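One-letter residues, chain by chain:
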Amino acid sequence: MSNEVESAQVSDAMEVAQLSSLAAVGSHAGSCEADMPSRLLNDAVRSLPYHVVKDLLSIGVCSRCVLRILVTEDHIYCQSSFSQSMLCSVLEEVTGLKSEGDFQFCSVCLGILQLSYRDGKETLVKMESPNDMALVIAELVKKEGHQIDGFSLEVSIPQFILENESSFLSGMKKRYESESWFQERLLSKCVSVKDVLKFAITKPLETLLDTKASASSFRIRLTYTHKMALENSVERNQGFKRQKIGTENGLQNVNDESVVANKDCSDYPTNETIAFTGRSSLKVPIDKVSEPCHLVYLCYRTHIYLCGRYLKYSRNVSQTRWIIDEERMGEASVEEIIGSNILPMCRGDNYKFHAAGREDIDVRMLGSGRPFLLEIQNARQVPSEETVKEIESKINGLENKLVGVKNLQVVGSQGWTLMREGEAEKQKQYCALVWISRPLEDEDVRSISLLNDMQILQKTPIRVLHRRSPLEREKIIHWMKIERIAESSQYFLLHLCTQAGTYIKEFVHGDFGRTQPSIGSILGCRAEILQLDVTDVKMDSF
């Protein structure tokens with residue numbers, strides 16, 4: 001691949017379509033006949049103030065920026081079919097001035113509107129028209145296999161360029177505001193570099209992708225960076241001392257962030273860095289730009305979310321992947337079973353698993369299931385209702401029967417909000433197999449059933465004290481009931497409903513007095529929990 005890469009032209013069919021109408025450019029442009037764009041371009045150039053065009057070209061302002069700064073009607077410079085060579089030739093033909101003569105890249109846009117950039121391999125790429133750039137983007141979208149019904153185009157340029165342009169326009173105002181043409185072409189109406197680029201490539205992109213630009217979850221992002229901006233950022237962070245610049249040639253005092261730039265200077269410009277010593281001595285913060293910006297194309301979808309409730313049938317499955325000293329704890333995890341079955345169907349890059357609380361590895365999750373949210377990153381395909389049902393059936397039909405799912409569905413980002421809101425309010429129901437050190441009596445059954453909305457105090461359990469803060473938490477036991485086990489006097493099932501965050505195991509055995517009261521202290525004997533199941537997680541908001 002050569003250093004100078006000339007991109008392929010967009011198909012003739014698209015060229016005809018583009019030239020047949022002057023597409024809407026933001027809120028500015030309207031439709032025209034097939035020959036209208038070229039005619040408008042010639043008319044626009046002929047109406048420009050000659051001496052200003054000469055000044056701009058003499059300091060390395062590119063053809064598209066000349067038109068962008070001086071032409072307000074119809075925003076003709078946004079036409080996607082206008083190539084760089086066409087813009088230059090029209091300017092030269094009408095004005096007799098050589099466009100972009102000795103300057104390699106524009107001193108205002110740093111080559112962005114010349115469609116020149118360095119790619120990831122440091123290759124210099126020069127494109128002829130916005131159509132060419134749209135074609136590259138469309139091929140990338142198709143190569144990555146994105147299923148789209150719309151797209152949102154984002155362009156990011158260095159703040160340095162914005163400051164550079166602001167300085168330049170401020171200087172133009174000081175120089176030309178007394179002239180009649182200036183009142184007709186207010187510089188405040190100048191469209192920004194990134195908006196011009198977006199306007200120019202949006203229409204051909206819509207044609208190539210066969211969809212409309214919209215507020216879509218699918219994003220096409222063009223990120224421009226420049227080493228000059230990075231260097232200035234470092235210098236700004238280090239700080240400059242205030243300095244005074246001579247004023248013999250019209251230069252002004254500048255503060256620590258606005259040092260006048262000379263031929264080889266890359267100091268950070270502000271509105272005070274421009275000076276005019278005469279009609280032909282228009283200056284810019286950057287006299288010559290030898291390197292264009294680097295450009296990275298990125299196509300991605302914002303996160304999509306699938307929510308539902310999971311059930312865990314095994315006492316040897318953790319909620320999330322659990323590795324200690326490179327050894328897996330348990331035979332699997334809920335996170336991996338659900339995520340590994342959903343991710344391929346969405347063709348995403350990765351996933352994150354979020355659940356409303358968690359149970360220990362030896363605790364089953366039964367009944368209604370625990371609410372969860374699966375975040376899919378950069379999904380190439382948003383699953384349909386039919387696909388979601390297929391995923392649910394697939395998980396529930398796995399041979400090992402370790403995990404199941406209920407009510408699986410695609411939701412927006414509001415699912416995350418509902419999850420957070422519900423976590424603080426949810427109640428949980430449990431069934432615990434309990435052993436006590438003496439026979440269970442009828443009075444025990446009755447006294448436990450009468451304890452409603454009982455407050456307990458729990459210090460952080462000893463078993464998790466190594467990874468959790470040593471706090472004392474006040475929790476509520478909403479209700480309890482005991483279910484006897486036939487032919488057993490010391491074993492029973494304890495059904496209870498508690499406030500979220502209650503440590504159930506410690507509530508049964510007391511954790512050496514760190515939970516008060518406990519089942520053991522209430523019954524006046526030793527109590528141990530042998531098995532625990534979560535039977536319901538009440539979250540109405542989810």
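Residues numbered from 1 in each chain as written. Predicted model: local features only at pLDDT ≥ 70, side-chain atom pairs only at ≥ 80, totals over all residues. Heavy atoms only, no water.

The name an unreviewed UniProt entry gives the protein is tRNA pseudouridine(55) synthase, with Gossypium stocksii as the organism.

## Quick notes on the overall build of the protein
Of the regular secondary structure elements, the protein holds 16 helices and 20 strands. A buried classification covers 51% of the 542 residues belonging to the protein. Nonlocal contacts in the protein, meaning residues at least 24 apart in sequence, comprise 75% of its contacts between residues at least 6 apart. Here the protein displays about 25600 Å² of accessible surface, and carbon together with sulfur accounts for 47% of that area. (Helix = DSSP H or I, 4+ residues; strand = E, 2+ residues; numbered from the N terminus. Buried < 20%, exposed > 50% of the residue type's maximum accessible area, 1.4 Å probe, protein only. Contact = heavy atoms within 4.5 Å. Areas by Shrake-Rupley, 256 points an atom, 1.4 Å probe, with all protein chains shown as cover.)

## Remarks on the pattern of salt bridges
Following the criterion strictly, the structure yields 23 salt bridges and no others. Note that Glu-179 is salt-bridged to Arg-175, the shortest N-O span being 3.9 Å. In this structure Glu-179 comes out as buried when scored by relative accessible area, which is 14%. Ionic pairing is found between Asp-360 and Arg-463, a salt bridge with its closest N-O pair at 3.2 Å. Separated by 103 residues along the polypeptide, Asp-360 in the loop between β12 (350-355) and β13 (364-377) and Arg-463 in the loop between β16 (454-459) and β17 (472-484) bring together distant segments of the chain. Among the residues examined, Arg-463 registers a relative accessible area of 36% and is labelled partly exposed. Through salt bridges with shared partners, one network takes in Asp-360, Asp-362, Arg-463, Lys-505 and Glu-506. (Salt bridge = Lys/Arg side-chain N within 4 Å of Asp/Glu carboxyl O.)

## Quick notes on helix α9 (residues 193-209)
With 17 residues, α9 ought to run about 24 Å at 1.5 Å a step, and its terminal C-alpha atoms sit 24 Å apart, in line with that. Taking the largest bend as the criterion, α9 deviates by roughly 30 degrees, centred on Thr-202, and proline Pro-204 comes between one and four positions later. Considered for burial, the residues of α9 that qualify are Val-193, Val-196, Leu-197, Ala-200, Ile-201, Thr-202, Pro-204, Leu-205, Glu-206, Leu-208 and Leu-209. Just downstream of α9 lies Asp-210, where phi reads positive at about 55 degrees. (Expected span 1.5 Å × (residues − 1). Bend = angle between axes of the 7 residues up to and from the residue.)

## So, the side chain of Asp-119
Inspection of the secondary structure puts Asp-119 in the loop between β2 (116-118) and β3 (124-126). Nearest to the buried, unbridged Asp-119 among oppositely charged side chains is Lys-121, at 6.9 Å. Those residues in contact with Asp-119, other than ones at most four positions away along the chain, are Val-125, His-294 and Leu-295. (Lys, Arg positive; Asp, Glu negative; His and termini not counted.)

## Regarding the nonpolar core
Ranked by internal contacts, the top residues of the largest apolar core, which has 75 residues, are Val-61, Leu-70, Met-133, Ile-220, Leu-222 and Tyr-224. Looking at this core, the element that brings in the most residues is α9, giving seven residues. If you look at the next biggest cluster of nonpolar residues, it comprises 59 residues, including Leu-374, Tyr-430, Ile-477 and Leu-532. (Core = buried A, V, L, I, M, F, W, Y, C linked by side-chain atoms within 4.5 Å.)

## Some points on helix α12 (residues 385-396)
Spanning twelve residues, α12 covers 17 Å between terminal C-alpha atoms, matching the ideal 16 Å at 1.5 Å per step. Looking at α12, one finds that the buried residues are Thr-387, Val-388, Ile-391 and Ile-395. For α12, the arc enclosing every buried residue in end-on projection is 100 degrees, short of the 170-degree limit, so these residues lie on one face. Residues of α12 that are exposed and angled more than 90 degrees away from the buried face: Glu-385, Glu-386, Lys-389 and Ser-393. (Arc of directions from axis to C-beta.)

## A few points about unusual backbone geometry
Look at the link from Gln-516 to Pro-517: it is a cis peptide, with omega at -10 degrees. Here Pro-517 lies in the loop between β19 (515-516) and α16 (519-523). Despite not being glycine, Glu-326 shows a phi value in the positive range, around 65 degrees. Counting through the fold element by element, Glu-326 comes out in the loop between β9 (323-324) and β10 (327-328).

## Structural notes on the environment of Ala-432
Summarising the element assignment, Ala-432 is placed in strand β15 (residues 427-436). Residue Ala-432 is classed as buried on the basis of its relative accessible area of 0%. Excluding residues within four positions of it along the chain, Ala-432 makes contact with Phe-492, Leu-493, Leu-494, Ile-529, Gln-531 and Leu-532.

## Quick look at the state of the cysteines
Enumeration over the complete set of coordinates arrives at zero disulfides. Here Cys-106 stays free of any disulfide, with the sulfur of Cys-109 as its closest cysteine sulfur at 3.7 Å. (Disulfide = S-S within 2.5 Å.)

## Some details on the packing of aromatic side chains
As enumerated under the stated definition, the model contains five aromatic pairs in all. When the ring of Tyr-117 is compared with that of Tyr-297, the centres are 6.0 Å apart and the planes differ by 80 degrees; the resulting orientation is edge-to-face. Of the two residues, Tyr-117 sits in strand β2 while Tyr-297 sits in strand β6 (residues 294-301), which places them 180 residues apart along the sequence. Here the two residues Tyr-117 and Tyr-297 agree in accessibility, since each one is buried. Among the aromatic residues, those joined into a cluster by ring pairs are Tyr-310, Phe-353 and Phe-372. (Phe/Tyr/Trp six-rings, centres within 6.5 Å; stacked < 30°, edge-to-face > 60°.)

## Some remarks on the environment of Leu-366
Positionally, Leu-366 belongs in strand β13. C-alpha separation for the pair Leu-366 and Asp-536, spaced 170 residues apart in sequence, amounts to 7.0 Å. If we ignore the near neighbours within four places in the chain, the residues touching Leu-366 are Leu-311, Lys-312, Tyr-313, Asp-533, Val-534 and Thr-535.

## Notes on the side chain of Thr-211
Structurally, Thr-211 can be placed in the loop between α9 and β5 (218-225). Not counting chain neighbours up to four residues away, the residues in contact with Thr-211 comprise Ile-148, Asp-149, Gly-150, Phe-151 and Glu-206.

## Observations regarding the packing of helix α4 (residues 63-70) against helix α7 (residues 159-176)
When two helices pack together, their arrangement is given by the angle between their axes and by how far apart the axes lie. Interaxial distance between α4 and α7 falls to 13 Å at its minimum, and their mutual angle equals 55 degrees. One element, α4, and the other, α7, form an angle in the oblique class. Considering the relative orientation of α4 and α7, their crossing is right-handed. Contacts between α4 and α7 involve Arg-68, Ile-69 and Leu-70 from the former and Glu-165, Phe-168, Leu-169 and Met-172 from the latter. (Axes fitted to C-alpha atoms, helices over the stretch in contact; angles between N-to-C directions. Parallel < 35°, antiparallel > 145°, perpendicular 65-115°, else oblique. Left-handed = near helix turned anticlockwise from the far one by under 90°.)

## Points about the confidence of the model for the protein
Mean pLDDT over the protein works out to 81, with 79% of the residues at or above the 70 mark. A low-confidence stretch, residues 240-280 stays under pLDDT 50, and its non-local contacts, those more than four residues away or across chains, total 90 contacts. (pLDDT = per-residue confidence, 0-100.)

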